[in-house]
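# Structural description and commentary
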Amino acid sequence: MDEIDRELVRAENDARSGSSPRPIRRPSNEVERVISASSVMTASSSEDNLSHRVNMSRVPTSRDLERHPTELSRIHTALSQHNSTVGRDPNTRNRDATKPLPSFGGGKSLPPDLPDREAYVVEFDGPDDPYHPQNWPLKKKLVTAGILGYTTITSAFTSSIFSAATPYIAREFGVSQEVGILGVSLFVLGFATGPIIWAPLSELKGRRLAILVAMFGFSLFTIAAATAKDLQTLLICRFFSGFFGASPLAVVGAVFSDLFNNATRGVALTLFSMGVFTGPLLAPLVGGFIVESYLGWRWTLYLPTILGFVAFGLDLVFMSESYPPVVLVEKAAELRRRTLNWGIHAKQEEIEIDFKELLQKNFTRPIRLLLLEPIVTLVSIYMAFIYGLLYLFLTAYPLVFQGVHGFNAGQSGLAFLGMVVGQIIAGICVLLMQPSYQRKLAANNGLPVPEWRLPIVVVGGVFFTGGIFWFGWSGYREDIHWIVPALSGLLTGFGLLTIFLQSLNYLVDTYLMFAASAIAANTFLRSLFGAIFPLFATYLFKGIGIQWASTLLGGVAALLVPIPVLFLIYGHRIRAKSAYAPTDLGKGKPAAAKVPSSDSGDVMAKEPKEAVDHAAASNVPQKTESRSNNA
């Protein structure tokens, strides 16, 4: 068990012992920040953040807004950030402890320790501190969200606009069309590997740096691909363009969590997800008309380059740092500069990078979850299949609308509008469900039951399966009007977004403390599927026919529909046996709460006798049978 897990056990025991004041029930207008399904979106170790929030008292506010956990007397900054996210806890043994200390220099001995290090740590000044991103003016939040939404759509758009150019690239470089499709596959493969760097960087040095460095690199490699003189340069640059372009996908959701409270974050992240998925579907439309024009295929890369540099410029000028620990680093720097007191610092500055821990939290643990946790394994397989089909459609649609109905590349791209409209309808449905979800949450004392997310996933799975069959059996014959297969996108688009968005939320609700590792595993697997599926799409549809290829894919989709049904019925039992999944509250008291270590997961806490602060309890691993059974 590492230091983080020991801290979690101590904090949980303290919260449940008589050493803490009995929590006071507050009126409904007094709110505090609790972990929600949308509060963890990056693939870095946001699970550690949870362990540092447990022992914090909640402060009533006069406004009906969610706030960062605070105390009236003092804001415990160390408890509200990702302490040791990618670095060594300053209280643990240094990895160089066995080496002799270097001399201080100048003939001087080592100075004495600071009288009280905590007295020099900069903190937020109460729940209404204007430095905290959730207290920014609404106009600033909306401008930031709009710019980052544009940045994300640019990255997603670039992933698929290249698909319209693959026949022309194959002809110019004398290769098969499947080799040309590698330009799409390698870009998506970059999406799989990029978050390993960008998510931890955003939690060590801040969101702004991760976005700016990535968008600059993305734009450079995109223009390098546009000017490539040979195929290998083109493909290599496409991979690194995807690697850098993964940053907005990994970081922007976390920025929204920094900016918006529970009442508005669900809306913001739903709109963000719609942008992520509509971008790849609108790109073939634009790319098709570009390659058909006098501009030529290289403009499918010049245009994203322009969009990328515009995004970089907007981020550089208008984006402010939103990650609270790094905001405090900037605040501490200003105080040091103006007071000349070099001891002033933020808790984030005490973190020391430990690459062994970085590897363990961002690779080893996600792989263990993917292989050993049935919920992560099955949900990730389902989502990976859906994500793979998203990119497979980039090849399948041209085969139907160009090959069967004789459309040109631009007209074929218009057929994707059916899927776009389906996704918009899905987004509206998810937003309309938010009030009902909030009422359930309030009735359950602020404690989310993960299975609440799944009913619409089941509906989306049925719709998605039906859309695939509809597409295949209406698209293989020329005598069937082209609008019929185009309308199938209404079902596939609806299913794609509902399955993806709510399944991701289900993983977050289920794993709380280890949510980011679960998402990292999911991101890795689905990006691999997204890279591989386009490579066999042509062989599949041409080899056995459009209708039978769609039947095969629809059959697989139908076989996967029972996955959310399984978890809807038995999810609480599976979570109860998990070494990683936190457990819920029931009957007002926590049951035996299992606090897994990062390595073994075998630490048990005893059942307490005192009453429970349900808001605080939603941030710690606890368990119930009754709540889940009623979900």
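From a predicted model like this one, the values you see are computed outputs, not experimental measurements.

### Remarks on the overall build of the chain
- Tallying secondary structure elements over the chain gives 23 helices and 6 strands in all.
- Scored against the burial criterion, the 631 residues of the chain give a buried share of 59%.
- Sequence separation of at least 24 residues holds for 82% of the intrachain contacts in the chain that already meet a minimum separation of 6.
- Taken as a whole, the chain presents about 25,100 Å² of accessible surface, with 65% of it coming from carbon and sulfur.

### Focus on a nonpolar patch on the surface
- Nonpolar side chains collect at one region of the surface, where V421, I425, W470, W482, I483, L487 and L490 lie side by side and expose about 540 Å² of accessible area between them.
- Of all the elements in the fold, those that place two or more residues in the nonpolar patch are helix 15 (417-443) and helix 17 (483-487).
- Mapped onto the elements of the fold, I425 is located in helix 15.

### A look at the confidence of the model for the chain
- On average, the chain scores 75 in pLDDT, and the residues at 70 or more come to 75%.
- Within the chain, no element has a lower average pLDDT than helix 22 (residues 614-617), which sits at 32, and none a higher one than helix 10 (residues 299-318), at 94.
- In this model, residues 18-89 is a region of pLDDT below 50 whose contacts with residues beyond four sequence positions or in other chains number 231 contacts.
- Predicted confidence for residues 584-631 stays below pLDDT 50, and this span has 137 contacts to residues more than four positions away or in other chains.

### Section: the environment of A409
- One can find A409 in helix 14 (residues 409-414).
- Spatially, the C-alpha atoms of A409 and G288 are 4.3 Å apart, while their sequence positions differ by 121 residues.
- In contact with A409, other than residues within four places in its own chain, are P284, G288, V291, E292 and Q402.

### Side note on the pattern of salt bridges
- With the rule as written, the count across this model stands at 7 salt bridges.
- Close ionic contact of E172 with R298 constitutes a salt bridge, the shortest N to O distance being 3.4 Å. Taken together, the positions of E172 in helix 4 (residues 166-173) and R298 in the loop between helix 9 (262-292) and helix 10 put the pair 126 residues apart, joining distant regions of the chain.
- A salt bridge links E451 to R575; the nearest nitrogen and oxygen atoms lie 2.7 Å apart. Residue E451 is found in the loop between helix 15 and helix 16 (455-475), and its partner R575 is found in helix 21 (residues 562-577); the two are separated by 124 residues along the sequence.

### Side note on the side chain of S163
- Along the chain, S163 falls in the loop between helix 3 (138-161) and helix 4.
- In terms of polar contacts, S163 uses its side chain to reach the backbone carbonyl oxygen of S160, at 2.7 Å.
- Beyond its immediate stretch of four places on either side in the chain, S163 contacts V184, P284 and L394.

### Some details on the side chain of T152
- Relative to the helices and strands, T152 resides in helix 3.
- Setting aside residues up to four positions removed in sequence, T152 forms contacts with P248, L249, V252, F272 and V276.

### Notes on unusual backbone geometry
- Non-glycine residue L340 carries a positive phi angle of around 60°.
- Here L340 lies in the loop between helix 11 (324-339) and strand 2 (352-353).

### Some words on the nonpolar core
- Grouped together as the largest cluster of nonpolar side chains are 117 residues, with contacts concentrated most on L234, L389, Y511 and F541.
- In this structure L234 touches F162, I169, F173, A225, A228, W297 and L301, once residues within four positions along its chain are discounted.
- Grouped together as the second largest cluster of nonpolar side chains are 7 residues, V122, V327, L328 and A332 included.

### What about the environment of L369?
- You can see L369 is positioned in helix 12 (residues 355-372).
- On a C-alpha basis, the gap between L369 and A579 in space is 9.7 Å, while along the polypeptide they are 210 residues apart.
- In contact with L369, not counting residues within four places along its chain, are V376, T377, Y511, F514, S517, A518 and Y580.

### A closer look at helix 8 (residues 231-259)
- If you check helix 8, its first and last C-alpha atoms are 43 Å apart, about what 29 residues at 1.5 Å a residue would give, namely 42 Å.
- The largest bend in helix 8 amounts to roughly 30° and is located at V251.
- The element helix 8 is extensively covered by neighbouring structure, given that 24 of its 29 residues are classed as buried.

The rules behind these values
Residues numbered from 1 in each chain as written. Predicted model: local features only at pLDDT ≥ 70, side-chain atom pairs only at ≥ 80, totals over all residues. Heavy atoms only, no water. Helix = DSSP H or I, 4+ residues; strand = E, 2+ residues; numbered from the N terminus. Buried < 20%, exposed > 50% of the residue type's maximum accessible area, 1.4 Å probe, protein only. Contact = heavy atoms within 4.5 Å. Areas by Shrake-Rupley, 256 points an atom, 1.4 Å probe, with all protein chains shown as cover. Patch = residues over 30% accessible without salt bridge, like charges linked within 9 Å, V, L, I, M, F, W, Y side chains within 5 Å. Salt bridge = Lys/Arg side-chain N within 4 Å of Asp/Glu carboxyl O. pLDDT = per-residue confidence, 0-100. Polar contact = N/O pair within 3.5 Å; in protein donor to acceptor, adjacent residues only side chain to side chain. Core = buried A, V, L, I, M, F, W, Y, C linked by side-chain atoms within 4.5 Å. Expected span 1.5 Å × (residues − 1). Bend = angle between axes of the 7 residues up to and from the residue.

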